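So the chains spell out like this:
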Amino acid sequence: MAADPRHSGTQSAGRRGAARPRSPWREQLESYLAHHRRTARDAAMRMRDAPLSSLMTGLVIAIALALPVALMLMLATVQTVSSGWDEAARINVYLADEVDLTQAEGLREHWAGESAISEVELIARDEALGSFRERSGLGEALDFLEDNPLPHTLVLTPEARYQEASALQRLVERLESDEYVVRVQLDLEWLQRLNAIADVLERGVTALGLLLGLAVVLVIGNTIRLAIESRRREIVVAKLVGGTEAFVRRPFLYTGLWYGALGGVLAWWLVEVAFWWLSVPVDRLADLYGSAFGLQRLSFGDVLTLVGASMLFGWLGAWLAVKRHLDAIEPR
Amino acid sequence: MIEFERVTKRYADHSVALHDVSFALERGEMAFLTGHSGAGKSTLLKLIMLMERPSSGRVQVGGQPLDRTPRRRIPYLRRHIGVVFQDHQLLFDRTVFDNVAMPLEVTGVPPRDVARRVRAALDKVGLLSKERMNPVRLSGGEQQRIGIARAVVNKPPLLLADEPTGNLDPALSAEIMDLFREFNRVGVSVLVASHDISLVQAMGCRMLTLSEGRLTGDGSHSQMRGAYGG
């Protein structure tokens, strides 16, 4: 009597005692998929029927996800800024006021001969004033100056193999010891610091992301736990009429999946809104630095990853809740 | 169909619900299980459903020994047993139709067959016209008949009922019992637990009497008159 339904094959419909599906495997599969579709739709409908609580749960998930995502994007922005400069660390050497153009030419020749240096560019003081006039917007105010306050400047590009902190440091010291040199400015320093800070932040954001991911799993787990409680009778009846564990779990796993999807989409939306709001001041800042950098945005692939990860978290949370609470519900 | 072989059921608190019970219910047979409340009727039914497992002894259902049935196989076993409960276990968040359709949904019956079979089951219990209603709006007798429709929609070879008339007046109770007899007439094995002796006697079926966990009587009601102190 208790024959395995999978072995019952094709018996004529309506025969007594043949309570198993009598359809060929194809029809079985279709009805299995139809049940999946129905369960998925039913889970979505239940969320739609309680829009406010669904939205609140979705927002909690979204905020937990949007925070690390936004931080990661900002970090990525910082890293693109620094990486553009990284390879061409340049050293600005400001020469003393009394150094005239010919002497400056001589120094340029001299430093260009150094093995550590691949290129030296001389920015004459008039040239420097000209570009300052153009870029600072101070134009006419500069006409009030009696003479040019800017020194001649040499811009040194070190050889690639000297692009390394300690070698650069030694080079800077040698440059500083020159009697005609007033000041040496190494662009790399702040970039290195920025990179170091970015590395620290990256780890911080990763840790935060993991923690908040866990929070999403727990939030969804708790939501599913409540859903299980409220559908207790239904679970008991399903188990009494022969519903398998998988059958009973399915609606809750779909609910978790949909909460994840909702949270992921809302998180994307939150990040977009926040970045749209930030973009105006950021653009102005970039403009002031004469830089073309802008905030990194989420690509289509990033959005898919975000929503996918969120759905995974949702499924995981639901699975944990189901494992803990659903299997304990047995008809008594 | 059902075979109990020296079955004892002790609960965790050491109370003995069934003591050394042996009996067999043949395929196509109909029998009543009687006894005072607490005599072990529900425990006996739960053992058949694998809601409980015996402490000792063997239970066979449909020729299959239950003692080696792993947990994950239990659902497949239950699909061959229709059960009717005293509190009918209907769900009030869905229609009569959807309640009756549950056993079919669980086994993955194609949707077009579901509708046909649900209506056939509702027709048998005389409630075809109420398929779109919520069971909460129906009377106690009607609710119990929906419970019966759900129990038989899968065409199980075995039908169990635990105090199916517990909350009903005598006229409705007789109606419900007649339904069971009808199913038995078309070949379904039926085992009904009830403490309503006069109702059971009126049916004239085989009667298994439990008393404090022991099977104290087994026979038709005429043979039983003395055994059940009544």
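Since we're looking at a predicted model, the values are computed, not measured.

Visitor: Tell me about the interface of chain B and chain A, residues and numbers included.
Guide: Facing the 41 residues of chain B at the interface are 36 residues of chain A. Taking both sides of the interface into account, the surface hidden between chain B and chain A amounts to around 3500 Å²; carbon and sulfur atoms contribute 54%. The residue Glu 245 of chain A makes a salt bridge to Arg 71 of chain B at a minimum N-O spacing of 3.7 Å. At the junction of chain B with chain A, the criterion picks out five residue pairs in polar contact (both at pLDDT 80 or more). Considering each element in turn, the side of chain B that touches chain A owes the most residues, five residues, to helix α3 (residues 96-107) of chain B. In the side of chain B that touches chain A, the residues fall into 21 nonpolar, seven polar and 13 charged.

Visitor: Mind laying out unusual backbone geometry, listing which residues take part and the relevant values?
Guide: Residue and element names in this part refer to chain B. At Leu 50, a residue that is not glycine, the phi angle is positive and equals roughly 60 degrees. Structurally, the position occupied by Leu 50 is in the loop between α1 (41-49) and β4 (56-61). Classification of Leu 50 as buried rests on a relative accessible area of 6%. Even without a glycine there, the phi angle at His 88 is positive, about 50 degrees.

Visitor: Give a detailed account of helix α10 (residues 300-326) of chain A, specifying residues and quantitative values.
Guide: Taking 1.5 Å per residue, 27 residues should reach 39 Å; α10 of chain A reaches 37 Å between its end C-alpha atoms and fits that length. Within the span of α10 of chain A, buried status applies to Val 303, Leu 306, Val 307, Ser 310, Gly 314, Gly 317, Ala 318, Ala 321, Val 322 and Leu 326 of chain A.

Visitor: Could you give an account of the domain arrangement of chain B, with specific residues and numbers?
Guide: All names here are of chain B. Considered domain by domain, chain B is made up of domain 1 (2-80 + 156-228) and domain 2 (89-153). If you sort the residues of domain 1 by the area they bury against domain 2, Arg 79, Leu 179 and Phe 183 come out on top, with a joint share of 44%. Note that Arg 145 is salt-bridged to Glu 175, the shortest N-O span being 3.0 Å. Run the count over domain 1 and domain 2 and you get three residue pairs in polar contact (both at pLDDT 80 or more). In terms of residue count, helix α6 (residues 170-185) provides more of the side of domain 1 that touches domain 2 than any other element does, six residues in total.

Visitor: Describe in detail the pattern of salt bridges, supporting the description with residues and values.
Guide: Counting across every chain of the model gives 26 salt bridges over all chains. Across the pair Arg 46 of chain A and Glu 234 of chain A runs a salt bridge, and its minimum N-O distance is 3.9 Å. Separated by 188 residues along the polypeptide, Arg 46 of chain A in helix α1 (residues 25-49) and Glu 234 of chain A in helix α8 (residues 232-240) bring together distant segments of the chain. Among the residues examined, Glu 234 of chain A registers a relative accessible area of 14% and is labelled buried. Residue Asp 67 of chain B pairs with Arg 58 of chain B through a salt bridge whose shortest N-O separation is 3.8 Å. By relative accessible area, which is 39% here, Asp 67 of chain B ends up partly exposed. Of the residues examined, Arg 58 of chain B reaches a relative accessible area of 30% and is grouped as partly exposed. A single network of salt bridges, built from pairs that share partners, joins Asp 42, Arg 46, Arg 231 and Glu 234 of chain A together with Asp 93 and Arg 94 of chain B.

Visitor: Describe the packing of aromatic side chains, with residues and values.
Guide: Under the definition given, this model contains three aromatic pairs over all chains. The interplanar angle of 25 degrees and the centroid separation of 6.5 Å between the aromatic rings of Trp 315 of chain A and Trp 319 of chain A together place this pair among those described as stacked. Of this pair, Trp 315 of chain A and Trp 319 of chain A both sit in helix α10, four residues apart, which is roughly one turn of that helix. With relative accessibility at 33%, the residue Trp 315 of chain A sits in the partly exposed group. Residue classification places Trp 319 of chain A among the partly exposed positions, given a relative accessible area of 33%. Pairing Phe 4 of chain B with Phe 23 of chain B gives two aromatic rings, centres 4.9 Å apart and planes at 20 degrees, and the pair type is stacked. Here Phe 4 of chain B, found in strand β1 (residues 2-10), pairs with Phe 23 of chain B, found in strand β2 (residues 16-25); they are 19 residues apart in sequence, far enough to count as distant. Residue class for Phe 4 of chain B comes out buried when judged on its relative accessible area of 3%.

What counts and how
Residues numbered from 1 in each chain as written. Chains lettered and ligands numbered in written order. Predicted model: local features only at pLDDT ≥ 70, side-chain atom pairs only at ≥ 80, totals over all residues. Heavy atoms only, no water. Contact = heavy atoms within 4.5 Å. Buried area = accessible area lost by both parts, 1.4 Å probe. Salt bridge = Lys/Arg side-chain N within 4 Å of Asp/Glu carboxyl O. Polar contact = N/O pair within 3.5 Å; in protein donor to acceptor, adjacent residues only side chain to side chain. Helix = DSSP H or I, 4+ residues; strand = E, 2+ residues; numbered from the N terminus. Nonpolar A, V, L, I, M, F, W, Y, C, P; charged D, E, K, R; others polar. Buried < 20%, exposed > 50% of the residue type's maximum accessible area, 1.4 Å probe, protein only. Expected span 1.5 Å × (residues − 1). Domains from an automatic or database assignment. Phe/Tyr/Trp six-rings, centres within 6.5 Å; stacked < 30°, edge-to-face > 60°.

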